[in-house]
Amino acid sequence: METVLSGIRPTGHLHIGNYFGAVKNFLKLQENFNSYFFIADFHSLTTHPTPKDLHANVKNVLAEYLACGLEPEKATLYIQSDVPEIPEMYLLLNMNAYIGELERTTTFKDKIRKQPDNVNAGLLTYPVLMATDILIHRANKVPVGKDQEQNLEMARKFAKRFNHMYNVDLFPEPEAFNFGKQLVKIPGLDGSGKMGKSEGNAVYLIDEPKIIEKKVMKAVTDSGPTKKNQEKPEAIQNLFTILKVVSDEDTYKFFDEKYNNCEIRYGDFKKQLAKDIINFTSPLREKILEISSNNDYLHKVVTLGAEKARESASKTLAEVRKHIGFKRF
Ligand code: TRP
């Protein structure tokens, strides 16, 4: 069976765009692949979070992914820093990663621009750590967004380089897992762009109903359609796209017809949208709160995850050490 792996940055909360995008696809992957999902807390250190924030962020994503249905029995769900084999292999791979190629990656150049006062070595070698994450489980497929494709390309490069250098066939070349049409893109509430792209355009799973109402009622609209069956402008189409995933078909049709007949009242439309979003997120929100308050359960999940991840990682690391030439006296 093919191995799929994905890293999750512990920053921020899941919004409904994440849910209908990545998370739903992860749920399918855990059914059909040998799957690894981990919280990339080592990676998050490049921006120097406070100890309190670091832990809180890891806990948030863990509780939220669990609430959405990732199952620790099906997938291997772990925290990166619970696997000491990762830093060791990272050290070893760093010996074959060249400063020049690392400096040329677009993610590094972006970071230099965004945080010129904190251009640390961890940022430079970020692709090596990411390659380690992937190669240590010899993963074949990695679901990544466009922004991570170059990092995946680097992982392939390091895999080939190692195989070639020691004349072995240890690492498969990891490919991007393409969800194609199945990847639903949920727009934000501010009239343009994807949900989560800008501040305040997202509805989070953890948002309280009152907050959701407020956000939806403030969503960008226009002065209404003037011609029957006219094409919807982007801001309006976006709200309909969200309605489509959270409402039933009849509700969607009702408002679509109202729009097409130039009879829509955005106030009513938004009230319905808010109500249906709340209906959708409420059970998830309750689940998140329940899981977050159950430390015993979280402890069990990460312990099992670390055990499974270390079993796979230590096998690869033992091979790597052997090929490099480390030998016991
Ligand atoms: N770099 C990824 C991101 O920013 C997170 C990540 C870390 C990752 N290690 C990974 C993703 C390994 C896929 C595979 O989103």
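Trainee: Can you help me understand the domain arrangement of the protein chain in this one?
Mentor: Bring the parts together and some accessible area is lost; that lost area is often taken as the interface size. The domains assigned to the protein chain are domain 1 (3–184 + 294–324) and domain 2 (209–289). The C-alpha centroid of domain 2 is placed 36 Å from the C-alpha centroid of domain 1. Domain 1 puts eight residues into the contact, and the matching count from domain 2 is nine residues. Interface area lost by domain 1 to domain 2 is led by Ile16, Phe20 and Ala67, which between them contribute 64%. Our count for the domain 1 to domain 2 interface comes out at zero salt bridges. Counting residues per element, the ones that place at least two in the side of domain 1 that touches domain 2 are α1 (16–32) and α3 (51–68). It is α3 that provides the largest number of residues to the side of domain 1 that touches domain 2, a total of four residues.

Trainee: In this structure, what is going on with the pattern of salt bridges? I would like to understand it.
Mentor: Close approach of charged atoms allows side chains with opposite charge to pair. Enumeration according to the criterion identifies 16 salt bridges in this entry. Lys157 is the partner of Glu101 in a salt bridge, and the nearest nitrogen-oxygen pair spans 3.4 Å. Of the two residues, Glu101 sits in helix α5 (residues 99–103) while Lys157 sits in helix α9 (residues 149–165), which places them 56 residues apart along the sequence. Residue Glu101 is classed as buried on the basis of its relative accessible area of 7%. Judged by relative accessible area, Lys157 falls into the partly exposed class, the value being 33%.

What counts, and at which threshold
Residues numbered from 1 in each chain as written. Predicted model: local features only at pLDDT ≥ 70, side-chain atom pairs only at ≥ 80, totals over all residues. Heavy atoms only, no water. Domains from an automatic or database assignment. Contact = heavy atoms within 4.5 Å. Buried area = accessible area lost by both parts, 1.4 Å probe. Salt bridge = Lys/Arg side-chain N within 4 Å of Asp/Glu carboxyl O. Helix = DSSP H or I, 4+ residues; strand = E, 2+ residues; numbered from the N terminus. Buried < 20%, exposed > 50% of the residue type's maximum accessible area, 1.4 Å probe, protein only.

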